[in-house]
Amino acid sequence: MSTFKALQARATESGGFEQVIVSRETEELPAGDLLIRVHYSSLNFKDALSATGNRGVTKNFPHTPGIDAAGVVEASTVAEFSVGDEVIVTGYDLGMNTAGGFGQYIRVPAPWAIKRPKGLSLRETMVLGTAGMTAALCIEKLEQAGLTPDAGTVLVTGATGGVGSVAVALLNQLGYRVAAATGKADQEAFLRQLGAQEIVSRAALEEGTDKPLLKEQWAAAVDCVGGDILFNVVKSLRYGSSVACCGLTAGTSFKGSVLPFILRGVNLLGVDSVELSLVAKASMWDKLSLQWKVDLESLVTEVSLAQLPESIDRILAGKQVGRVLVDLS
Ligand SMILES: NC(=O)c1ccc[n+]([C@@H]2O[C@H](COP(=O)([O-])OP(=O)(O)OC[C@H]3O[C@@H](n4cnc5c(N)ncnc54)[C@H](OP(=O)(O)O)[C@@H]3O)[C@@H](O)[C@H]2O)c1
C-alpha cells in the first residue's frame, strides 16, 4: 500500500465545487489489473468539466479527474504487462467515473493501457494527450476522405486550444496550408509560429448562420468548437470536401439544412477519441511517435497539481492557449 497525492473535486457546503489536494491510499483505488504510478497527465476541456461538478462527465463526487495518464506499472495481474513497463492510458472511463490522472496512482483494467511507443517519452505522450490524439484522428479521417496537401487551405477552429493548436502544428508539418480561426486576437503570433498562414477571427465564422450556403472556401476543416460555427464551416466547404467535428466549446447544437450536403456533396465526419478501440489508439500512438512526430514544446505549459485549479478556471473560460502538462513526479 502506498500513500499518494491527488487533486480531488468535491462539492462545497454552499452548493459550489472546489478542487483540493488530498492524501490517498492505493487501497482506496478501484479494482483493476494494473496499478500505475502516474508521472504525467494533461488538462483537457473535459477534465475541467469533471473538476467543476459536471454530472454529464462525472456522476459521483468527491472524484479525481484526469482522462490522461502516463506512468510506470507497479503491479500487474495480467501477463501482457510487467512491473516497470511504461504505459499510457487515455479515455475510456479514466477520469470520468474512475479516479484519474490527477492522482499519483491509478488502477485500471489492462485493456485501457498501451505500452509507451519507443519514439515518444512519457512526457511527450502527455504533451499530446487526448487533445493531440484527437487532433491527429481528425486529420487522419480527413485524409481517409481524400484530403491531400495540394487541395487548398485547411481551417482549424478553436485554434489556440489544446486540440486546435496541435492540429495547426501537425497540419503544417504535414505540408498543409493552415488557416487558424480564433477568438483571441492577441494570439496571432503564437498561431503563426505554430505554422498558421492565415488567421480568421471567430466573429467572421459566426456570420451567415441564417444563410443556406456560404462562399466555398475551405479544402477541409478541423472543428473543435461545434455550435453554429460548425455549420457555417460546413456551408463554406469546397465542393466534395469534409470537416472533422470533435468539440463543443461553442455549443452542442446548430442551425443547419441538408443543402450543403445535397448541393455540394460535403461531408461532416465525427471524431471520438474516448471509446475508440485500443487497437486504433495504439496505431495512432505509433503514427504520432514516427511519421507524425511533431515538436510541441512551444505550446506546452507545465503545471503541478497545486497549480491545476488555476488552469482549470482558464480552460473553462475559453482562455487556454496550447496544452497544459501536469507533472506528478
Ligand atoms: N471528440 C473527442 O474525442 C474529443 C477529444 C478531446 C477534446 N474534445 C473536445 O474538443 C474541444 C476542445 O478541447 P480542448 O481540450 O482543446 O479545449 P480548449 O483547450 O479549451 O480549446 C477550446 C478552444 O475553443 C475556443 N472557444 C472557447 N470558447 C468558445 C466559444 N464560446 N465559442 C467558440 N470558440 C470557443 C477557444 O479557442 P480560440 O480562442 O482560439 O477560438 C478555446 O481555446 C472541447 O469541446 C472538448 O470537449 C473532444
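Here is a short report on the structure shown in this document. Because the structure is a prediction, the values reported are computed rather than measured. (Residues numbered from 1 in each chain as written. Predicted model: local features only at pLDDT ≥ 70, side-chain atom pairs only at ≥ 80, totals over all residues. Heavy atoms only, no water.)

### Points about the sheet that holds strand 10 (residues 196–201)
An order of 10-9-8-11-12-13 is seen for the six strands of this open sheet, with the pairing classed as parallel. Sheet topology places strand 10 and strand 13 (267–270) at the edges, where each strand pairs with a single neighbour. Strand-to-strand twist of the sheet, defined as the mean angle between neighbouring strand axes without regard to direction, takes the value 20 degrees. Inspection of the sheet shows strand 12 (residues 237–245) paired to strand 13 by four bridges, in the parallel sense. Across the sheet, S242 pairs through a bridge with N267, a residue of strand 13. Packing of helix 2 (residues 122–144) onto the sheet brings it into contact with strand 11 (218–223), strand 12 and strand 13, and relative to strand 11 it is tilted by some 150 degrees. (Pairing = 2+ DSSP bridges. Helix = DSSP H or I, 4+ residues; strand = E, 2+ residues; numbered from the N terminus. Axes fitted to C-alpha atoms, helices over the stretch in contact; angles between N-to-C directions. Contact = heavy atoms within 4.5 Å.)

### A look at the site of the ligand
The environment of the ligand is formed by 27 residues, the closest being T160, V163, T182, C246 and S273. Between T160 and the ligand, the recorded distance is 2.7 Å, taken from a side-chain N or O atom to an oxygen atom. G183 has a polar backbone atom sitting 2.9 Å from an oxygen atom of the ligand. Sorting the residues of the shell around the ligand by element identifies helix 2 and helix 3 (162–173) as the ones contributing at least two each. (Near = heavy atom within 4 Å. Polar contact = N/O pair within 3.5 Å; in protein donor to acceptor, adjacent residues only side chain to side chain.)

### A closer look at the packing of aromatic side chains
Geometry of an aromatic ring pair is reported as the spacing of the ring centres plus the angle between the planes. One pass over the full model with this rule turns up five aromatic pairs. Between F17 and F61 the ring centres are 4.7 Å apart and the planes differ by 70 degrees, which places this aromatic pair in the edge-to-face class. On the criterion of sequence distance, the pair formed by F17 in strand 2 (residues 17–25) and F61 in the loop between helix 1 (45–51) and strand 4 (68–76) is long-range, its members being 44 residues apart. Classification of F61 as buried rests on a relative accessible area of 18%. Each ring, one from F231 and one from F261, has its centre 6.0 Å from the other, and the planes form 65 degrees; the classification is edge-to-face. Within this pair, whereas F231 is found in helix 6 (residues 227–235), its partner F261 is found in helix 7 (residues 259–264), the two being separated by 30 residues in sequence. Owing to a relative accessible area of 28%, F261 belongs among the partly exposed residues under this scheme. (Phe/Tyr/Trp six-rings, centres within 6.5 Å; stacked < 30°, edge-to-face > 60°. Buried < 20%, exposed > 50% of the residue type's maximum accessible area, 1.4 Å probe, protein only.)

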